[in-house]
Amino acid sequence: MMNMNVLVNSLALGLVMTLPMVSLSAVNNVTDLQSVFTSSNAPRAFSGIAVIAKGSDIRFSYASTSQPVVDGLEVAAFTLQTPFVTASLSKQMTAALVMREVDQGRITLDAPITQYLEYLNGKWDAVITVRQLLNHLSGIVAIDKPLKTIPGEVFAYSNTGYNLLGEIVVKVSGENYPLLASGMFKRCGMDNTNASSNTNNAVRYHEKSVGELVAMTKDLPASFAPSAGVISTAEDLVAWNQCLHNSDLLSAKSHLQMVSKAATRQHRWGDLGYGFGLQLSDGDTVQEWSHSGYVLGYISTLSYYPESDTSMILLENISWYPKDMTRVFYYHDQLRKQLLKTAGDNN
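Residues numbered from 1 in each chain as written. Predicted model: local features only at pLDDT ≥ 70, side-chain atom pairs only at ≥ 80, totals over all residues. Heavy atoms only, no water.

Engineer: I would appreciate a short explanation of the overall build of the protein chain in the present structure.
Structural biologist: Across its full length, the protein chain carries 11 helices and 15 strands. Taken over 347 residues, the protein chain has a buried fraction of 56%. (Helix = DSSP H or I, 4+ residues; strand = E, 2+ residues; numbered from the N terminus. Buried < 20%, exposed > 50% of the residue type's maximum accessible area, 1.4 Å probe, protein only.)

What follows is the structure in structure tokens.
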């Protein structure tokens, strides 16, 4: 167990890259971006790496100087190549794998999922489609539990639904999920991303209560890879945004469906649209496609601003005490706020 004071002392300083920064619509102030991480008013320490990129070029990054102390020894500092479990960022990658199979004619979005996973026949007294799994309108809570909502009616976030999507792409492709995902990541130039175990991941912790950290050693089950288990780096997630949104990874029709609102999600940012593994915000200032993630040992945020081809990525190796998500995602939300403020100032 680690006392929070040790963590704060360990992470008090940061390593900052201050390359010329191009914001959403104009030159951004690097000092303002850096101040998000150096403010003395922050409710907790930052433990990870944050990146802003214009296209494929990383223009700003901030990393805590070292990972927390383990058994009295400090491990390597965070870099752009440090692997993190990306948690629910995995969902948009699974959605892309589904849409690649749609493009190949092997999956039909409005087909019942029992067409692909016969063992689910009779499981629920309702027809659930592939599309409803993608946009969290299935009502599925767990395989062995009744539906939470009527399929197609209400947004109900479902990790189980995305794990079922992983099973579907395995069934129609004839390849296991890690191999199928690896092929897509290779196509995207993501050399340090995979959907299997990685012993070089950032050492991870969970905050049991405010100020009380415990080391996490147990990995997610392999079956959770489609919903929460993909491992990646800040550098590779920049490449992912480019590959997903600015390449021929998907057909234009499939990409449009991924970024089209199919449901509404209540969120700390306000009501957001939801497509396929992507939150959709169309505020007064800027269009945003995003997602965040939380699993034991890791939290993450990945946002993309299509009008300016800008990416924002934050990866941390501590799952902070979950009773206050505003505190958990404090740095993620503050950096986003700074980007959106700059965009508004320059409209």
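Engineer: Which parts of the structure should I look at to understand unusual backbone geometry?
Structural biologist: The general pattern is negative phi for most residues beyond glycine and trans for most peptide bonds. Even without being glycine, A87 reaches a positive phi, approximately 55°. Looking at A87, the relative accessible area reads 0%, which means it is buried.

Engineer: Would you take a moment to explain the side chain of S88 for this structure?
Structural biologist: By the element assignment, S88 lies in the loop between β5 (84-85) and α3 (90-103). When neighbours within four sequence positions are excluded, S88 is seen to be in contact with Y157, N159, S227, A228, H291, S292 and G293. (Contact = heavy atoms within 4.5 Å.)

Engineer: What is the right way to look at the packing of α3 against helix α8 (residues 234-245) in this model?
Structural biologist: Helices that pack against each other are described as a pair by the angle of their axes relative to one another and the distance between those axes. Look at α3 against α8: their axes get within 12 Å of each other, and the N-to-C directions meet at 35°. Seen along the crossing, α3 lies across α8 with a hand that is left-handed. Contacts between α3 and α8 involve Q92, M93 and A96 from the former and L237, W240, N241 and L244 from the latter. In the contact of α3 with α8, the residues fall into 5 nonpolar, 2 polar and no charged. (Axes fitted to C-alpha atoms, helices over the stretch in contact; angles between N-to-C directions. Left-handed = near helix turned anticlockwise from the far one by under 90°. Nonpolar A, V, L, I, M, F, W, Y, C, P; charged D, E, K, R; others polar.)

Engineer: How should the state of the cysteines be read in this particular structure?
Structural biologist: Structurally, a disulfide amounts to a covalent bond that connects the sulfur atoms of two cysteines. Going through the model one piece at a time under the given rule, you end up with 1 disulfide. C188 shares a disulfide with C243; S-S distance 2.1 Å. When the S-S torsion is -65°, as for the bridge of C188 with C243, the disulfide is left-handed. Pair noted here: C188 is in the loop between α6 (177-187) and β6 (204-209) and C243 is in helix α8, with a separation of 55 residues, a long-range link. Here C188 and C243 have matching classes, each one buried. (Disulfide = S-S within 2.5 Å.)

Engineer: I tried to follow the packing of aromatic side chains on my own but got confused; where do I start?
Structural biologist: By convention here, two paired aromatic rings are described through the distance between centres and the angle between planes. Per the counting criterion, the structure on display carries 12 aromatic pairs. Considering the side-chain rings of F78 and F84, the 5.6 Å spacing of their centres and the 25° angle between planes classify their relative orientation as stacked. By the burial criterion, F78 is buried, and F84 matches it. Measuring from centroid to centroid gives 6.3 Å for F84 and Y298, while their planes differ by 75°, and the two rings are edge-to-face. You can see F84 sitting in strand β5 and its partner Y298 sitting in strand β13 (residues 298-305), a full 214 residues away along the chain. Note that K91 overlies the ring of Y162, its terminal NZ or CZ placed 6.0 Å from the centroid. Its end group placed over the ring of W269, R336 keeps NZ or CZ at 3.7 Å from the ring centre. (Phe/Tyr/Trp six-rings, centres within 6.5 Å; stacked < 30°, edge-to-face > 60°. Lys NZ or Arg CZ within 6 Å of the ring centre and 35° of its normal.)

Engineer: Teacher, can you tell me more about the packing of α3 against α6 here?
Structural biologist: Direction vectors running N to C along α3 and α6 enclose 90°, while the axes themselves pass 11 Å from each other. The pairing of α3 with α6 is recorded here as roughly perpendicular in orientation. Where α3 approaches α6, its residues M93, T94, A96, L97, R100 and E101 are matched on the opposing element by Y177, L180, A181, M184, F185 and R187. Its residues assigned to classes, the contact of α3 with α6 shows 8 nonpolar, 1 polar and 3 charged. (Parallel < 35°, antiparallel > 145°, perpendicular 65-115°, else oblique.)

Engineer: Teacher, can you tell me more about the pairing of β13 here?
Structural biologist: Residues in a regular strand project their side chains so that they alternate between the two faces of the sheet. Counting buried positions along β13 gives 8 out of 8 residues, so the element sits mostly inside the fold. Burial along β13 is two-sided: the face carrying Y298, S300, L302 and Y304 and the face carrying I299, T301, S303 and Y305 are both buried. The pairing of strand β12 (residues 287-295) with β13 spans 7 bridges and is classified as antiparallel. Within β13, the position partnered with Y294 by the bridge is I299. (Pairing = 2+ DSSP bridges.)

Engineer: Explanation requested: α3 in the structure shown.
Structural biologist: Its 14 residues place the ends of α3 20 Å apart at the C-alpha level, agreeing with the 20 Å of an ideal helix rising 1.5 Å per residue. Taking burial as the measure, the 14 residues of α3 include 12 buried ones, the bulk of the element. Along α3, the residues that are buried comprise S90, K91, Q92, M93, T94, A95, A96, L97, V98, M99, E101 and V102. Positioned one or two residues after α3, G105 has a phi angle of 80°, which is positive. (Expected span 1.5 Å × (residues − 1).)

Engineer: Even after reading the chapter, I still don't get the pattern of salt bridges, so can you show me in this structure?
Structural biologist: Should their charged atoms come close, side chains of opposite charge can pair. One pass over the structure, following the stated rule, counts 10 salt bridges. The partner of D57 in a salt bridge is R59, with the nearest N and O atoms 3.9 Å apart. The shortest N-O distance in the salt bridge between D110 and R131 comes to 2.8 Å. With a gap of 21 residues between them, D110 in the loop between α3 and α4 (130-134) and R131 in helix α4 connect regions that are remote in the sequence. Given the relative accessible area of 26%, R131 is considered partly exposed. (Salt bridge = Lys/Arg side-chain N within 4 Å of Asp/Glu carboxyl O.)

Engineer: Looking at this structure, how should I read the nonpolar core?
Structural biologist: A general feature of soluble globular proteins is that nonpolar side chains tend to end up buried together. The biggest cluster of nonpolar side chains holds 70 residues, and the ones touching the most others in it are V130, L134 and W240. The biggest single contributor to this core is α3, with 7 residues. Apart from the residues within four sequence positions on either side, W240 is in contact with Q92, M93, A96, M184, C188, M190, L249 and L302. V30, L33, F37 and A42 belong to the second largest nonpolar core, which has 19 residues in total. (Core = buried A, V, L, I, M, F, W, Y, C linked by side-chain atoms within 4.5 Å.)

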